[in-house]
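Given next are the chains, with one letter for each unit.
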Amino acid sequence: MKAVLGIGTNLGDREENLAAAFSRLEALPDTQLLAISQIYETTPFDVLSQQEDYLNSCVLLDTGLAPQELLAQCLAIEDQLGRVRTEYHGARTMDIDLLLYEGFTSHTQQLSVPHPGIRERAFVLAPLSDLFPLHTGLGFDFAQAYETVDKTGVRLYK
């Protein structure tokens, strides 16, 4: 099944954090990393404290892992890369969100797919549009949201 993950980091060596996340995702069992979007530098969104800018990217996977197992693996990678959860939307070395999973929807406290914030978050829509210029083919159309979302604070990195 195809799955799309959103990845972000704003603590430590952000480039190294992304590279480490990509490497760990590529090493997941029964999973192939198909594509990585461009990297975007973005101002923090919906935060309670002053934070450094994020580096954000999206990746497309082909995986045999069930959605809940993929999420568990992503949380483990966050932990391996030093993620500490001290405040809502706090600064982080790594954040990996399961955005889309082919043929699957869920709206539970543990797992919401499609991710509920996609349409309002330019830092997700910009890299997502790199992977899918017209539509995802995963039962999720974001083209209109991308055209209308406020892209202030979202810029290509390097």
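Read on for an overview of the structure. (Residues numbered from 1 in each chain as written. Predicted model: local features only at pLDDT ≥ 70, side-chain atom pairs only at ≥ 80, totals over all residues. Heavy atoms only, no water.)

What follows deals with the pairing of strand E4 (residues 54–63). Of all 10 residues that make up E4, 9 are buried, and the element is covered over most of its length. The sheet contact formed by strand E1 (residues 2–9) and E4 spans 8 bridges and is antiparallel. Across the sheet, the residue bridging to Ile7 is Ser57, located in E4. Bridge analysis of strand E2 (residues 31–36) against E4 gives 5 bridges, and the strand direction is antiparallel. Residue pairing across strands places Gln32 opposite Asp62, the latter belonging to E4. In this structure, strand E3 (residues 40–42) lies alongside E4, joined through 3 bridges in antiparallel fashion. Paired with Thr42 across the strands is Tyr54, a residue of E4. (Buried < 20%, exposed > 50% of the residue type's maximum accessible area, 1.4 Å probe, protein only. Helix = DSSP H or I, 4+ residues; strand = E, 2+ residues; numbered from the N terminus. Pairing = 2+ DSSP bridges.)

What follows deals with the environment of Leu100. Structurally, Leu100 is set in strand E5 (residues 95–101). The exposure class of Leu100 is buried, given its relative accessible area of 2%.

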